[in-house]
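Per-entry structural report
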Amino acid sequence: MSELSPQSFDLLARFLKRESGIVLKPEKSYSLRSKLRPLAREWGYDGLNDLVAHVHRERHNPEVVEAILNALTIKETSFFRDGRPFEVLQSHVLPALAERRGGRDLKLWSAACSTGQEAISLAINLRESLSPDQADQCMVVGTDVSQKAISRAKSAVYSELEMQRGLPPDLRRRYFEPVEGGYRPVAEIRNMIRYRTMNVLEADFPLSRFDLVLCRNVLIYFDEEGRRKALDTVHQRLTAGGYLFTGAGEDAQRMDNRFERDRIDGVQCFRKGREA
């Protein structure tokens, strides 16, 4: 299969930036080619340049847009990814938020949730840190630009290999059940989560305000304008005093000074000022 020409790379980069806000860098061309080759074969193209030409011609076709975004944006994920943030959420942040809310329901948003493991991890954190009655009233919303990823998240069935990635045995026993094709969260976890296809850059969507947003390892894929839009979306949807957790190298306060930097038990996070 032929290589991707610089002209085709530029066309695809503009397409991806327009549709998702993600900025393709030339050093990622090898990874890009590996993701596109299965789609090129599926659509009957001998070369990647022919595939990109088709995408450019059909760039307003929703099915083509969906297919190329699915091919390019599905990311690796796991339960309780990176560990420490979830420990801090369970031991400090969620109990503090529940106390501040006076027993009312908490709403958490997993932005760029991929195939659902992060949203499930948040739901388990809620079950582990709050009383059953409190947790029953809480909601986790998982969003991702990829319809394919959201469809997998909604199916909520995970393979043995996926179950072994980041999920402690005791939590697996308590919160998952065997089903055909693998394992799924028990009903008390599934009922807490809502999924929808959405781009984090969208400033207006019909979801209520959130007490906590996880937007981890997302901002690094945007340019300055994209990061500003994403953080503006998050700021609009956070309650006053609400928490934002980003990836380790993503400094939301430096990108948007409306956020206040915090550090809890060694983990960096950010808060929306109460006066906002």
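Note that this is a predicted model, so its numbers are computed, not measured.

A word on helix 1 (residues 6–20)
With 15 residues, helix 1 ought to run about 21 Å at 1.5 Å a step, and its terminal C-alpha atoms sit 21 Å apart, in line with that. Listed in full, the buried residues belonging to helix 1 are Ser8, Phe9, Leu12, Ala13, Phe15, Leu16 and Ser20. Each buried residue of helix 1 sits inside an arc of 165° when the element is viewed along its axis, so together they form one side. Facing away from the buried surface of helix 1 by more than 90 degrees, the exposed residues are Pro6, Gln7 and Arg14. On its buried face, helix 1 is in contact with helix 2 (29–42), helix 3 (48–57) and helix 4 (62–73). In the segment just after helix 1, glycine 21 is the residue with positive phi, at about 85°.

Things to note about unusual backbone geometry
Of note in the backbone geometry, phenylalanine 80 takes a positive phi value of approximately 50° without being a glycine. Tracing the backbone through its elements, the reader meets phenylalanine 80 in the loop between helix 4 and helix 5 (84–100). By relative accessible area, phenylalanine 80 is classed as buried at 11%. We note that alanine 112 has phi near 55°; this positive angle belongs to a residue other than glycine. For alanine 112, the location among the structural elements is in the loop between strand 1 (107–111) and helix 6 (117–129). Taking the relative accessible area as the measure of exposure, alanine 112 reaches 38% and is therefore partly exposed.

Structural notes on helix 12 (residues 224–237)
The first and last C-alpha atoms of helix 12 sit 20 Å apart over 14 residues, in line with the 20 Å expected at 1.5 Å per residue. Every buried residue of helix 12 is listed here: Gly226, Ala230, Leu231, Thr233, Val234, His235 and Arg237. Summarising the contacts, the buried residues of helix 12 are in contact with strand 1, strand 6 (210–215), strand 7 (238–246), helix 13 (252–255), strand 8 (259–264) and strand 9 (267–272).

Brief notes about the side chain of serine 121
Within the element layout of this structure, serine 121 appears in helix 6. Serine 121 gets classed as buried once you look at its relative accessible area, which sits at 0%. For serine 121, the side chain forms a polar contact with the main-chain nitrogen of phenylalanine 80, separated by 2.9 Å. Beyond its immediate sequence surroundings of up to four residues, serine 121 is in contact with Phe79, Phe80 and Phe86.

Overview of the pattern of salt bridges
The final tally for this structure, using the stated rule, is 19 salt bridges. In this structure, lysine 107 engages aspartate 105 in a salt bridge whose closest nitrogen and oxygen atoms are separated by 2.5 Å. Residue classification places lysine 107 among the buried positions, given a relative accessible area of 17%. A relative accessible area of 24% places aspartate 105 in the partly exposed class. Close ionic contact of arginine 127 with aspartate 136 constitutes a salt bridge, the shortest N to O distance being 2.7 Å. Its relative accessible area of 13% is what places arginine 127 among the buried residues. Look at aspartate 136 and you get partly exposed, because its relative accessible area is 43%. Put simply, Asp82, Glu118 and Arg216 are held in one network by salt bridges that share partners.

Rules behind the numbers
Residues numbered from 1 in each chain as written. Predicted model: local features only at pLDDT ≥ 70, side-chain atom pairs only at ≥ 80, totals over all residues. Heavy atoms only, no water. Helix = DSSP H or I, 4+ residues; strand = E, 2+ residues; numbered from the N terminus. Expected span 1.5 Å × (residues − 1). Buried < 20%, exposed > 50% of the residue type's maximum accessible area, 1.4 Å probe, protein only. Arc of directions from axis to C-beta. Contact = heavy atoms within 4.5 Å. Polar contact = N/O pair within 3.5 Å; in protein donor to acceptor, adjacent residues only side chain to side chain. Salt bridge = Lys/Arg side-chain N within 4 Å of Asp/Glu carboxyl O.

Purely geometric numbers; function is a separate question.
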